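Next come the chains, spelled out residue by residue.
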Amino acid sequence: MNKRVYLIYFSPGGTTKRTVRNISKGIGNADIIEIDMLKRENREKNYHFTENDLVILGMMTATKLFGLPKEVIGALNGNKTPFVGVVTCGNGYYGKSLVIMQKAMEKRGFKMVAAGGFIGQYSFSDKVATNRPDEKDEAIQVRFGEDIYRKVCIDNNIKFNQKLKIDWPNEGGFSTFKCALISAFPGPGLSLPKSWNELAVSDNCIECGKCVKICPVGALSLNNGIKQDRNKCIGCQACNRNCPKDAIKPVSPKLIKSVENVIKYRDKRKEPELFI
Ligand SMILES: Cc1cc2nc3c(=O)[nH]c(=O)nc-3n(C[C@H](O)[C@H](O)[C@H](O)COP(=O)(O)O)c2cc1C
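Residues numbered from 1 in each chain as written. Predicted model: local features only at pLDDT ≥ 70, side-chain atom pairs only at ≥ 80, totals over all residues. Heavy atoms only, no water.

## Some words on the overall build of the protein chain
Counted only if it meets this: Put simply, DSSP marks the helices as runs of H or I at least four residues long and the strands as runs of E at least two long, and each gets a number from the N terminus on. We compute the radius of gyration over the C-alpha atoms and compare it with the globule rule, which gives 2.2 Å times the number of residues raised to the power 0.38. Contacts: residue pairs with any heavy atoms within 4.5 Å of one another. Here the accessible surface of atoms and residues is derived via Shrake-Rupley with a 1.4 Å probe, and residues count as covered only by protein chains that are part of the display.
Across its full length, the protein chain carries 9 helices and 14 strands. Taking 19 Å as the expected radius of gyration for a compact globule of 276 residues, we find that the protein chain reaches 18 Å, a close match to that expectation. Based on the C-alpha atoms only, the size of the protein chain along its principal axes is roughly 55 × 40 × 35 Å. Look at the contacts in the protein chain between residues 6 or more apart in sequence, and 80% of them connect residues 24 or more apart. Carbon and sulfur atoms provide 49% of the accessible area of the protein chain, an area that totals close to 13,600 Å².

## Structural notes on the site of the ligand
Here is the rule: One heavy atom within 4 Å of a molecule or strand is enough for the residue carrying it to be called near that molecule or strand. Whenever two N or O atoms come within 3.5 Å, that pair is a polar contact, provided that in protein one can donate a hydrogen and the other can accept it, and provided that, for residues adjacent in sequence, both atoms are side-chain atoms.
Inspection of the region around the ligand gives 24 residues, with Ser 11, Gly 13, Thr 15, Thr 16 and Gln 121 positioned closest. At a separation of 2.9 Å, a nitrogen atom of the ligand approaches a polar backbone atom of Gly 90. In this structure, Tyr 93 approaches the ligand through a main-chain N or O atom, which is 3.1 Å from an oxygen atom. For the ligand, whose accessible area on its own is 650 Å², the fraction buried by protein is 95%.

## Considerations on the packing of aromatic side chains
In this description, an aromatic ring pair is defined by two values, namely the gap between the centres and the angle between the planes. Stated formally: Any pair of Phe, Tyr and Trp rings, taking the six-membered ring for Trp, is counted once the centres come within 6.5 Å. Such a pair is stacked with planes under 30 degrees apart, edge-to-face with planes over 60 apart, and tilted for the rest. Exposed residues in this analysis have more than 50% of their type's maximum accessible area, buried residues have under 20%, and partly exposed residues fall in between, with area computed by a 1.4 Å probe over protein chains only. Criterion for a charge above a ring: Arg CZ or Lys NZ at most 6 Å from the ring centre, at most 35 degrees from the ring normal.
What the rule picks out here adds up to 6 aromatic pairs. Centre to centre, the rings of Phe 118 and Phe 144 are 5.9 Å apart; their planes meet at 55 degrees, and the pair counts as tilted. Of this pair, Phe 118 sits in strand β8 (residues 110-119) while Phe 144 sits in helix α5 (residues 135-154), placing them 26 residues apart in sequence. Neither Phe 118 nor Phe 144 differs from the other in exposure class; each is buried. Summarising the aromatic geometry, the rings of Tyr 122 and Phe 124 are spaced 5.5 Å apart at their centres and angled 65 degrees between planes, so their arrangement reads as edge-to-face. Using a relative accessible area of 12% as the deciding quantity, one classes Tyr 122 as buried. Aromatic ring contacts, followed pair by pair, group Tyr 6, Tyr 47, Phe 49, Phe 83 and Phe 110 into a single cluster. Above the plane of the ring of Tyr 122 lies Arg 266, whose end atom (NZ or CZ) is 5.2 Å from the centre.

Interpretation note: all reported values are geometric properties and have no functional meaning in isolation.
Below is the structure:
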């Protein structure tokens with residue numbers, strides 16, 4: 001019987017989705033089922049998996065898991081179900097994300113069999129990690145999938161003896177301090193604070209409504225132009241990264257300054273880190 005492989009992702013900009021899809025290309029003989037957790041209706045379901053399934057969970061990071069990990073992971077119920085933890089970051093650092101994901105998933109009946117920290121184009125600027133995952137990343141991701149297939153599907157081996165890394169920033173002392181502080185707060189996830197999340201819509205907007213539809217938290221509406229509810233917005237950039245006219249952009253001065261720094265610091269290509 002073919003193994004059922006579930007690709008489950010929260011991927012506002014699409015790089016995490018591409019990453020888990022690339023990994024699944026290395027997994028032979030499997031039925032692939034995708035669950036897109038940007039969709040609220042999927043986060044509100046209750047999924048049950050068996051020990052014969054394989055779950056590949058992909059989430060983006062910002063020191064911790066970013067976005068809605070409580071809802072995403074809270075919808076998943078395992079029963080000794082093997083899972084692969086996948087996190088993406090914008091050529092910076094994934095902090096404690098993998099460690100947090102392992103703990104939260106294992107509490108819900110899953111068993112980590114492999115994990116990886118990958119690079120995706122930075123959510124706020126196409127000048128950082130441009131077009132990643134690129135061809136070189138894809139080759140690594142497919143090979144990782146082949147290794148997972150061999151280990152879990154052929155050798156039936158679900159042991160995981162790797163020590164996951166905590167990936168601290170190398171971007172100056174303040175960043176390290178900030179990450180240590182963020183990591184110390186309880187809870188698995190982060191979102192962008194309200195003082196950083198303001199969006200502006202340019203005249204290029206054709207009011208197609210794509211941003212309204214893709215927003216994972218219903219923070220945008222189409223009512224005489226696009227309107228943002230800053231109390232709901234988590235700052236994930238799904239709207240920005242999926243706008244066909246490039247018409248919706250973050251404008252908070254604090255955020256813009258921080259992105260300028262990121263562009264300065266993150267010019268050296270980082271490579272994926274695999275644990276299997
Ligand atoms: C609010 C926010 C904070 C982020 N913080 C970090 C960070 O601390 N370090 C990093 O390397 N990337 C950071 N990123 C970038 C994303 O993790 C990265 O671009 C990821 O590939 C985006 O995944 P997606 O395309 O699936 O949305 C952040 C993105 C957002 C939206």
